[in-house]
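Structural description and commentary
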Amino acid sequence: VTLTATVTDTTPPQGSVRFNDGAAVIAGCGGVALTGSGLSKTATCVTQFAPGAHNITATYLGNPRTSNPVTSPVLVQNVNALVVTTTTVTSSPNPSLSGRPVIFNVSVAGSAPTGTVAFTDSVTAAVLPGCSAVALTGTGDTRVASCTASLGALGAHTVTATYSGDAANATSNGNVVQTVNPCTLPRGCPI
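Another aspect to go through is the environment of alanine 161. Its place among the elements puts alanine 161 in strand 16 (residues 155-163). Spatially, the C-alpha atom of alanine 161 lies 9.0 Å from that of phenylalanine 104, the residues being 57 residues apart in sequence. Ignoring any residue separated from it by four or fewer positions in sequence, one finds alanine 161 in contact with Thr87, Val89, Val106, Val117, Ala118, Phe119, Ser172, Asn173 and Gly174.

Following this line, the structure appears as structure tokens:
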């Protein structure tokens, strides 16, 4: 949440602003310098809040000539909890042959989720090439994404899809175990 306080005075205001949540000073927002020019200047602070109602005030700490700080009226900032999401992953073909493409499909259920999905291979502990930020597509409360990648190492790979979350939806992840078998044909793997 971006908090902005505007201070207007008969002479150009100087000094800083303190932002409070109720009686507590908001971390990192205890002495935000005024910026701008003229008789109105602003102080801006970016922070995060837990779900619920927050009583926000801004106190102008003032010029040296100011004897008393001036506090704004209370602004009630309501923060909604993020929607819990579910990420489900499937792959095809499974099992696959070493070095052959595998299609990884993911569905994310939430509240009209947006954002991206990253696919990570447990064997390499790295994101699959070309699968670092696959955008969700579709409409409604379940959206989908897919990525095609090849896995070289033989055996079981746990491929994890991690949903980035958005302003309304929490992050989540899901995984699928992809089995990779060797190519046994004398002329190599079929394409």
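There is more to say after this.
Another aspect to go through is the packing of aromatic side chains. Counted by the stated rule, this structure contains 1 aromatic pair. Relative to phenylalanine 119, the ring of phenylalanine 104 has its centre 6.4 Å away and its plane inclined at 40°; by these criteria the two rings are tilted. Here phenylalanine 104, found in strand 11 (residues 101-109), pairs with phenylalanine 119, found in strand 12 (residues 116-121); they are 15 residues apart in sequence, far enough to count as distant. Of the two residues, phenylalanine 104 and phenylalanine 119, both sit in the buried class.

Next up on the list: the sheet that holds strand 9 (residues 86-92). With antiparallel pairing, 3 strands are arranged side by side in an open sheet as 9-11-15. Only two strands of the sheet have a single neighbouring strand rather than two, namely strand 9 and strand 15 (142-150). Adjacent strand axes in the sheet meet at a mean angle of 20°, parallel and antiparallel pairs treated alike. Strand direction decides the pairing type here: strand 9 and strand 11, joined by 7 bridges, are antiparallel. If you follow serine 92 over to strand 11, its bridge partner there is isoleucine 103.

With that settled, the discussion passes to the state of the cysteines. In total, this model carries 2 disulfides according to the counting rule given. Paired by a disulfide, cysteine 131 and cysteine 147 hold their sulfur atoms 1.7 Å apart. On the sign convention where negative means left-handed, the S-S torsion of about -75° between cysteine 131 and cysteine 147 marks this disulfide as left-handed. In this pair, cysteine 131 is assigned in the loop between strand 13 (126-127) and strand 14 (134-135) and cysteine 147 in strand 15, connecting sequence segments 16 residues apart. As far as burial versus exposure is concerned, cysteine 131 and cysteine 147 are alike and both buried.

Now for the confidence of the model for the chain. Per-residue pLDDT for the chain has a mean of 92; in total, 94% of the residues score no lower than 70. The lowest-confidence element of the chain is strand 7 (residues 70-71), averaging 90 in pLDDT; the highest-confidence one is strand 9, averaging 98.

With an omega of -5°, the peptide bond between serine 92 and proline 93 qualifies as cis. With respect to the helices and strands, the residue proline 93 is situated in the loop between strand 9 and strand 10 (96-97). The peptide bond linking asparagine 94 to proline 95 adopts the cis configuration, its omega dihedral lying at 10°. One can find proline 95 in the loop between strand 9 and strand 10. The phi dihedral of alanine 112 falls on the positive side, at around 45°, and the residue is not glycine. Structurally, alanine 112 can be placed in the loop between strand 11 and strand 12. Although it is not a glycine, alanine 125 sits at a positive phi angle of roughly 55°. With respect to the helices and strands, alanine 125 occurs in the loop between strand 12 and strand 13. Judged by relative accessible area, which is 67%, alanine 125 ranks as exposed.

The side-chain alternation of strand 11 yields one buried face, formed by Val102, Phe104, Val106 and Val108, and one unburied face, formed by Pro101, Ile103, Asn105, Ser107 and Ala109. Here 9 bridges tie strand 11 to strand 15, and the two strands are oriented antiparallel to one another. Within strand 15, the residue paired with valine 108 across the bridge is arginine 143.

Rules used in this analysis
- Residues numbered from 1 in each chain as written.
- Predicted model: local features only at pLDDT ≥ 70, side-chain atom pairs only at ≥ 80, totals over all residues.
- Heavy atoms only, no water.
- Helix = DSSP H or I, 4+ residues; strand = E, 2+ residues; numbered from the N terminus.
- Contact = heavy atoms within 4.5 Å.
- Phe/Tyr/Trp six-rings, centres within 6.5 Å; stacked < 30°, edge-to-face > 60°.
- Buried < 20%, exposed > 50% of the residue type's maximum accessible area, 1.4 Å probe, protein only.
- Pairing = 2+ DSSP bridges.
- Axes fitted to C-alpha atoms, helices over the stretch in contact; angles between N-to-C directions.
- Disulfide = S-S within 2.5 Å.
- pLDDT = per-residue confidence, 0-100.

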